[in-house]
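Listed here are the chains, written in short residue letters.
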Amino acid sequence: MSLFESPFFQDAYSQLESAGTKMNMDPNVLERLKYPKRALQVSVPVRLDDGTVKVFEGYRVQHNMTLGPGKGGIRFHPHVSLSETAALAMLMTFKCALVGLPLGGAKGGIKVDPNDLSRAELQAMTRRYTTEIAMIIGPDKDVPAPDIGTDGQTMAWLMDTYSQLNGYAVPGVVTGKPIAIGGSLGRAESTGKGVVFCINFAYEKLNKKITNSTTVAIHGFGKVGVPAAEDLDAQGAKIVAISDVSGAIYNPKGLNIKECVSWVKERKLLRELPGVEHITNEQLLELDVDILIPAAIDGVVTKENAHKVKAKIIAEGANGPLTHEAVDIITDRGGLIIPDILCNAGGVIVSYFEWVQGMQMFFWDLETVNTKLHDIMKLSFEKVWVCKEKYKVNMKQAAFIASLDRLQGAMRLRGMWPG
Ligand code: NAD
């Protein structure tokens with residue numbers, strides 16, 4: 001199994017190389033950033049409800065921890081691999097550096113479809129996985145969070161297992177926990193909220209306003225897509241299409257978002273929602289809308305379909321939904337892409353708040369969380385915009401350059417051991 005096996009890792013690697021060259025980066029620092037610091041592969045044996053034992057493949061990858069403990073989600077999905085996890089860990093390094101957090105980049109996951117397991121099996125799998133990675137995680141070492149296929153309950157099991165191993169409660173080992181065990185107000189909706197903040201900042205730059213004729217399509221209606229839809233709906237935008245893994249639904253007059261949210265909260269698939277037009281996920285991506293939010297998985301817009309994507313603004317809610325070739329094609333035809341490491345950073349910013357609150361055992365109100373989130377997102381957006389103008393590059397490259405600038409400074413100051 002190789003790091004370079006997935007197109008996602010190759011894409012992240014080539015974006016790093018291209019931004020590093022553009023900014024004339026120290027080649028020794030660039031060389032170090034191309035590889036993860038540490039990658040742990042574990043076997044996760046689980047006794048299934050029928051009495052048989054099945055072993056799942058798990059990973060935790062720490063890409064770079066120059067700025068602080070590792071930070072990054074845990075994904076339960078059938079496509080999880082060492083290479084995909086390493087690509088996501090690399091993106092976390094750049095995201096944390098870009099938005100000024102004292103955290104490094106990490107990611108973890110298990111190759112599994114969580115929908116195939118019962119609650120008891122999921123709990124057993126999460127607890128065994130936690131035990132297997134326990135030696136490299138911890139509030140001062142590496143702090144996991146939810147990602148695709150995991151949620152607050154998964155984090156609660158992880159926190160409990162780690163605490164049992166230590167003999168006392170360690171809430172700071174994970175973020176995205178339920179409020180009752182030390183979670184932060186505002187964490188659940190923070191990523192979607194940050195995506196909408198970025199869309200608003202982009203509209204301000206373009207001297208435009210969101211109105212009831214602003215059309216939006218959202219690919220992926222989960223922890224990121226749902227709150228983004230709710231905030232845009234509240235601002236009066238017309239959300240014409242949303243999708244999940246089963247397919248997409250479309251209404252040119254605008255969907256009833258409250259109804260759609262209630263439907264998915266009951267764990268029902270959009271394919272089964274009555275009274276709406278059903279289209280494919282691919283058709284959703286190609287709709288002629290003002291704003292497209294890819295908020296599901298990576299690699300959904302590539303050089304094969306980028307020329308069919310008509311949206312004026314693309315806000316990358318997911319990690320790596322557009323390949324670098326797709327970014328070039330869409331930028332060349334005048335589309336504005338708000339890059340993932342900026343656009344979906346709201347989640348890690350409020351995770352950082354949760355970590356700080358947990359370490360201090362002192363908790364903030366929702367207004368404080370949302371105001372601080374807004375201010376960091378605004379500052380980071382401006383930083384990327386300035387870089388875009390200075391280097392005459394697209395927003396994606398600008399975000400990488402701004403992030404690499406901070407990382408390079410820190411890595412040079414710390415130096416390399418042994419030298
Ligand atoms: P989720 O599991 O809550 O939701 C994922 C959504 O995408 C669901 O609607 C699912 O049905 C859909 N989906 C899954 N596979 C699909 C496929 N092959 N085609 C189309 N749709 C598919 O996950 P999430 O937490 O919302 O994460 C979505 C993306 O956002 C991921 O790329 C994740 O890494 C990124 N992200 C999440 C957070 C966070 O705080 N949750 C933070 C930053 C980035």
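Residues numbered from 1 in each chain as written. Predicted model: local features only at pLDDT ≥ 70, side-chain atom pairs only at ≥ 80, totals over all residues. Heavy atoms only, no water.

Enquirer: Please provide a residue-by-residue account of the overall build of the protein, values included.
Expert: Each helix and strand in the protein was counted, giving 14 helices and 12 strands. Against the compact-globule benchmark of 22 Å for 419 residues, the protein has a radius of gyration of 20 Å, which places it among compact chains. Judged by the C-alpha coordinates and their principal axes, the protein covers about 55 × 55 × 45 Å. Looking at the protein as a whole, 59% of its 419 residues are labelled buried. Residue pairs in contact within the protein that sit at least 24 positions apart in sequence constitute 69% of those at least 6 positions apart. In the protein, which carries 46 positive and 46 negative side-chain charges, the distance between the mean positions of the two groups comes to 4 Å. (Helix = DSSP H or I, 4+ residues; strand = E, 2+ residues; numbered from the N terminus. Rg over C-alpha atoms; globule rule 2.2 N^0.38 Å. Buried < 20%, exposed > 50% of the residue type's maximum accessible area, 1.4 Å probe, protein only. Contact = heavy atoms within 4.5 Å. Lys, Arg positive; Asp, Glu negative; His and termini not counted. Charge placed at Lys NZ, Arg CZ, Asp CG, Glu CD.)

Enquirer: So what's going on with the sheet that holds strand S7 (residues 238–244)? Which residues, and what values?
Expert: Pairing is mixed in the open sheet, where seven strands are placed in the order S9-S8-S7-S6-S10-S11-S12. In the strand order of this sheet, the two ends are held by strand S9 (277–279) and strand S12 (336–338), each with one partner. In this sheet, adjacent strand axes meet at a mean angle of 20 degrees when their direction is disregarded. (Pairing = 2+ DSSP bridges. Axes fitted to C-alpha atoms, helices over the stretch in contact; angles between N-to-C directions.)

Enquirer: I'd like to hear about the site of the ligand, residue by residue, with values.
Expert: With respect to spatial proximity, 23 residues lie near the ligand, and among them Asp 147, Thr 191, Lys 223, Val 245 and Asn 319 are the closest. Between Thr 191 and the ligand, the recorded distance is 2.7 Å, taken from a side-chain N or O atom to an oxygen atom. For the ligand, an oxygen atom lies 2.8 Å from a polar atom in the side chain of Asn 319. Here the ligand loses 85% of its free accessible area of 820 Å² to cover by the protein chains. Across the shell around the ligand, the residue classes tally to eight nonpolar, 10 polar and five charged. Each of two domains, domain 1 (34–181) and domain 2 (190–338), supplies a minimum of three residues to the shell around the ligand. (Near = heavy atom within 4 Å. Polar contact = N/O pair within 3.5 Å; in protein donor to acceptor, adjacent residues only side chain to side chain. Areas by Shrake-Rupley, 256 points an atom, 1.4 Å probe, with all protein chains shown as cover. Nonpolar A, V, L, I, M, F, W, Y, C, P; charged D, E, K, R; others polar. Domains from an automatic or database assignment.)

Enquirer: Mind laying out the sheet that holds strand S2 (residues 53–64), listing which residues take part and the relevant values?
Expert: Here five strands make up an open sheet; going across it, the order is S1-S2-S4-S3-S5 and the pairing mixed. Pairing within the sheet leaves two strands with one partner each, and these edge strands are strand S1 (38–47) and strand S5 (142–146). For this sheet the average axis-to-axis angle between neighbouring strands, irrespective of direction, equals 20 degrees. One ladder, built from six bridges, connects strand S3 (residues 70–77) with strand S4 (residues 104–111); its direction is parallel.

Enquirer: With reference to specific residues and values, describe helix H3 (residues 82–98).
Expert: Given a rise of 1.5 Å per residue, 17 residues ought to cover 24 Å, and the 24 Å separating the end C-alpha atoms of H3 matches this to within 8%. The element H3 is extensively covered by neighbouring structure, given that 17 of its 17 residues are classed as buried. Looking one or two residues past H3, Gly 100 carries a phi angle of roughly 75 degrees, positive in sign. (Expected span 1.5 Å × (residues − 1).)

Enquirer: Account for the side chain of Ser 246, naming residues and giving values.
Expert: Mapped onto the fold, Ser 246 is located in the loop between S7 and strand S8 (247–250). When its relative accessible area of 19% is taken as the criterion, Ser 246 is described as buried. A distance of 2.6 Å separates the side chain of Ser 246 from the side chain of Asp 244, its partner in a polar contact. Of note is the side chain of Ser 246, whose polar atom sits 3.1 Å from the backbone nitrogen of Arg 271.

Enquirer: Requested: an account of unusual backbone geometry, with residues and values cited.
Expert: Outside of glycine, negative phi angles account for most residues, and trans bonds account for most peptide bonds. Residue Pro 418 is reached from Trp 417 by a cis peptide bond, and omega for that bond is -10 degrees. Relative to the helices and strands, Pro 418 is located in the segment after helix H14 (395–414). Backbone geometry at Arg 267 places phi at a positive 60 degrees, although glycine is not the residue there. With respect to the helices, strands and loops of the structure, Arg 267 is situated in the loop between helix H8 (257–265) and S9.

Enquirer: Lay out the domain arrangement of the protein in plain terms, naming residues and giving numbers.
Expert: A common way to express how large an interface is: the accessible area buried when the components associate. Here the protein is partitioned into domain 1 (34–181) and domain 2 (190–338). Using only C-alpha atoms to locate each centre, domain 1 and domain 2 end up separated by 27 Å. At the junction of the two partners, domain 1 supplies 13 residues and domain 2 supplies seven residues. It is Leu 91, Lys 95 and Ile 148 in domain 1 that bury the most area against domain 2; as a group they hold 36% of the surface buried on that side. The interface formed by domain 1 and domain 2 contains one salt bridge. Between Asp 298 and Arg 75 there is a salt bridge whose closest N-O contact spans 3.8 Å. Between the two partners, domain 1 and domain 2, sit three residue pairs in polar contact (both at pLDDT 80 or more). (Buried area = accessible area lost by both parts, 1.4 Å probe. Salt bridge = Lys/Arg side-chain N within 4 Å of Asp/Glu carboxyl O.)

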